[in-house]
Amino acid sequence: MKHIAYLKNTVQEYAWGSCTAIAELMGQTSPAERPQAELWMGTHPKAPSLVATENGWESLVDLIQAHPMDILGRRVAEKFDGKLPYLFKVLAAAEPLSIQAHPGAADAQAGHAREETRGIPFDAFERNYKDPYHKPECLCALTPFWGLCGFRNLSETTALLHQLCPESLGELFDLLEKNTQESGIQVFFKTIMNLDPRKQVGIVDEAVRHAQAVKHERPEYDWVVRLHHAYPSDIGVIFPILLNLVHLQPGQALFLGQGELHAYLGGVGIELMANSDNVLRGGLTTKHVDVPELMRILSFQEKHVDILLPENQEQHAGVYRTPAREFELSVITLDSGNTYEEQIDRGVEILLCTSGKHRISESDSVKPLEFDKGASVLIPAAVPGYTIHGEGVIYKAAVPIERSSSDVNKMTRRPKKNKHRRSNAQH
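What counts and what doesn't
- Residues numbered from 1 in each chain as written.
- Predicted model: local features only at pLDDT ≥ 70, side-chain atom pairs only at ≥ 80, totals over all residues.
- Heavy atoms only, no water.
- Helix = DSSP H or I, 4+ residues; strand = E, 2+ residues; numbered from the N terminus.
- Rg over C-alpha atoms; globule rule 2.2 N^0.38 Å.
- Buried < 20%, exposed > 50% of the residue type's maximum accessible area, 1.4 Å probe, protein only.
- Contact = heavy atoms within 4.5 Å.
- Areas by Shrake-Rupley, 256 points an atom, 1.4 Å probe, with all protein chains shown as cover.
- Phe/Tyr/Trp six-rings, centres within 6.5 Å; stacked < 30°, edge-to-face > 60°.
- Lys NZ or Arg CZ within 6 Å of the ring centre and 35° of its normal.
- pLDDT = per-residue confidence, 0-100.
- Salt bridge = Lys/Arg side-chain N within 4 Å of Asp/Glu carboxyl O.
- Disulfide = S-S within 2.5 Å.
- 1 Å grid on protein atoms, 1.4 Å probe; cavity = no way out; pocket = protein on both sides within 12 Å on 5 of 7 lines; lining within 4 Å.
- Points joined across faces, edges and corners; volume = space filled by probe spheres on them.
- Nonpolar A, V, L, I, M, F, W, Y, C, P; charged D, E, K, R; others polar.
- Axes fitted to C-alpha atoms, helices over the stretch in contact; angles between N-to-C directions.
- Parallel < 35°, antiparallel > 145°, perpendicular 65-115°, else oblique.
- Left-handed = near helix turned anticlockwise from the far one by under 90°.
- Core = buried A, V, L, I, M, F, W, Y, C linked by side-chain atoms within 4.5 Å.
- Pairing = 2+ DSSP bridges.

Student: Looking at this structure, I do not really get the overall build of the chain. What am I missing?
Tutor: Across its full length, the chain carries 13 helices and 23 strands. Taken over C-alpha atoms, the radius of gyration comes to 23 Å for the chain, in line with the 22 Å a tight globule of 427 residues would show. Projected onto its principal axes, the C-alpha coordinates of the chain cover approximately 70 × 50 × 50 Å. Across the 427 residues that make up the chain, the buried fraction comes to 54%. Counted over contacts in the chain with a minimum sequence separation of 6, partners at least 24 positions apart contribute 76%. Of the roughly 18,900 Å² of accessible surface on the chain, a fraction of 48% belongs to carbon and sulfur atoms.

Here it is in structure tokens:
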């Protein structure tokens, strides 16, 4: 497997998905008959991609097992035990997703081993750990995108809760006001998550009543009202007050590390993550919520949200810098007549075209592939280089590789100074 090839990918149909976004991206009938939530590109056992080969459509999992060095590249194959370490997605949220967090590597390994030992079926309702891997992730907005990300500043949380829940939370304010940021939030969160459901409903009802009257003053209040319509008795309705509310514009991105409580509320985006499906939920869901396990893996530190912008390394392309070792997201933007060239020593890449029309050619003059909106391709590490001609936007998933000085000297492209910097989330 030494040539660029088209991918065929699975669309996941979840209730919160959009009936139009993925269908329109793929050039299919819109609206779709059922909500389409995610398009998966990769080797996850739940929905592995298929690759166009001389023998027809073959599983990417099988091809990597047969040709790990050609597809992954030696460094990636050795570093990740012969496996593709990332999962590439398009996420289309017409309704809010559950409030959730992902475990770190040690917690994922221990949790998965524990549930395997207990004999909990893989598809059991109460199963927390589907695999032994952690799940850092990066989400880049394709449309305006709303989300919750990490615990907000303690003083701001307290002020907002005083305005929305002065009576129902009266006796609990001491937990916030007499402790440090981390311990205060931790004790408060544990307390409200373990309250009698009737008391939780009382908190939510009071919060919604007050938020309704002032919902035009702050988007947090508006989201409290909107979440109540979807989950009227769920304590997660007040989480826009506890967590940072973030509004991404197209091209902006977030990185989520281990134990960071978050929720995607609405919008369409590119999502790139470690190849895992481990999720621990805390609210806004009918799925399993395991409060003790969630508490164990959560980070209660105040989060200062950085919004990522592509840092320009070269003409027409930029990379979203994150600490993840499994993945790196880049965006390639071409105007008419422009060309993008990739000629460096690299690992496996997956490219997705989100707009426009392109042709992608290998350096050894193999016939170019048409690469238009909705198409995705696998670029094995064995491909010596490639060129993209056309107009539009392409997102690229790759594995970041530490390069020696000799590697850098072999590059045929020259880095340019960064034109973008990280900025704080706007509330």
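There's plenty left to go through after this.
Student: What am I meant to see in the packing of aromatic side chains here?
Tutor: Any two aromatic rings considered together are summarised by their centre-to-centre distance and by the angle between their planes. Per the counting criterion, the structure on display carries 8 aromatic pairs. Relative to Phe189, the ring of Phe151 lies with its centre 5.7 Å away and its plane at 80 degrees, an arrangement referred to as edge-to-face. Residue Phe151 is found in strand β9 (residues 145-151), and its partner Phe189 is found in helix α8 (residues 181-193); the two are separated by 38 residues along the sequence. Here the two residues Phe151 and Phe189 agree in accessibility, since each one is buried. Put simply, the rings of Phe151, Phe189, Phe239 and Phe300 pair up and form one aromatic cluster. We note Arg226 situated over the ring of Trp223; from NZ or CZ to the ring centre the distance is 3.8 Å. The residue whose ring lies beneath Lys287 is Tyr14, and the NZ or CZ to ring-centre distance is 5.7 Å.

Student: Which parts of the structure should I look at to understand the confidence of the model for the chain?
Tutor: Close inspection of predicted coordinates is inappropriate for parts of the model with low pLDDT. Scored by pLDDT, the chain comes out at a mean of 90, with 93% of its residues at no less than 70. Scored below 50 in pLDDT, residues 403-427 makes 51 contacts in the model with residues more than four places away or belonging to other chains.

Student: Hey, could you run me through the pattern of salt bridges in this one?
Tutor: A pair can form between side chains of opposite charge whenever their charged atoms are brought close. Evaluated as defined, the whole model comprises 21 salt bridges. The salt bridge involving Arg74 is made with Glu78; its shortest N-O contact spans 3.4 Å. Residue Arg74 and its partner Glu78 are both found in helix α4 (residues 74-79); the two are separated by 4 residues, about one turn of the helix. In this structure, a network of salt bridges that share partners links the residues Asp107, Arg114, Glu293 and Arg296.

Student: Can you walk me through the state of the cysteines in this structure?
Tutor: Formally, a disulfide is one covalent bond, and it connects the sulfur atom of one cysteine to the sulfur atom of another. Under the defined criterion, the tally for this structure stands at 0 disulfides. For Cys353, which is in no disulfide, the shortest distance to another cysteine sulfur is to Cys140 and amounts to 15 Å. Exposure remark for Cys353: the relative accessible area of 0% places this residue in the buried category.

Student: What exactly am I supposed to notice about the layout of surface pockets here?
Tutor: Over the atoms, a rolling probe the size of a water molecule traces out where space has been left empty. Volume-wise, the largest pocket comes out at about 840 Å³. If you go around the largest pocket, you meet 38 residues; those closest to its centre are Tyr14, Trp16, Ser98, Arg281 and Lys287. Breaking the lining of the largest pocket down by element, the ones donating at least two residues are β3 (38-41), β6 (86-93) and β12 (262-274). Element by element, the count of residues in the lining of the largest pocket is highest for β12, at 4 residues. Tallied by class, residues from the lining of the largest pocket come to 16 nonpolar, 9 polar and 13 charged. Estimates place the volume of the second largest pocket at around 620 Å³. Lining the second largest pocket are 25 residues, and of these Lys83, Leu84, Pro85, Tyr133 and Asn275 sit closest to its centre.

Student: Looking at this structure, I do not really get the packing of helix α9 (residues 197-214) against helix α10 (residues 219-230). What am I missing?
Tutor: Axis angle and axis distance: for two packed helices, these are the angle between their axes and the distance between the axes, and together they describe the pair. Orientation of α9 relative to α10, taken along the N-to-C sense of each, is 125 degrees, at an axis distance of 8 Å. Comparing their axes, α10 and α9 come out oblique. The handedness of the crossing between α9 and α10 comes out as left-handed. Contact residues: Val204, Asp205, Ala207, Val208, Ala211, Gln212 and Val214 in α9; Tyr221, Val224, Val225 and His228 in α10. Here the contact of α9 with α10 is composed, by residue class, of 8 nonpolar, 2 polar and 1 charged.

Student: Would you mind showing me how to read the side chain of Thr285 here?
Tutor: Position of Thr285 among the secondary structure elements: in the loop between β13 (280-283) and α12 (291-297). The contacts of Thr285, once residues within four sequence positions are left out, are Ser98, Tyr231 and Asp234.

Student: Quick question: what am I supposed to make of the nonpolar core here?
Tutor: In summary, soluble globular proteins display a tendency toward joint burial of nonpolar side chains. The biggest cluster of nonpolar side chains holds 50 residues, and the ones touching the most others in it are Leu169, Phe189, Ile192, Phe239 and Leu261. Considering every element that reaches this core, the biggest residue donor is α9, with 6 residues. Residue contacts for Leu169: discarding those within four places in its chain leaves Leu161, Phe188, Ile192 and Ile203. Counting 43 residues, the second-largest nonpolar core is a separate cluster that includes Ile270, Leu272, Ala324 and Val331.

Student: What is the right way to look at the pairing of strand β18 (residues 339-342) in this model?
Tutor: For a regular strand, side-chain orientation follows a simple rule: the groups alternate between the two sheet faces. Judged by which residues are buried, β18 turns out to be one-sided: Tyr340 and Glu342 face inward and are buried, whereas Thr339 and Glu341, on the alternate face, are not. When β18 meets strand β22 (residues 386-398), the two strands line up antiparallel, connected through 4 bridges. Pairing of Glu341 across the sheet is with Thr387, part of β22.

Student: So what exactly am I meant to see when it comes to the pairing of strand β17 (residues 328-334) here?
Tutor: Among the 7 residues that make up β17, 5 are buried, leaving the element largely enclosed by the rest of the structure. Note that strand β16 (residues 317-320) and β17 share 4 bridges and pair antiparallel. In the strand pairing of β17, Val319 is matched with Ser330.

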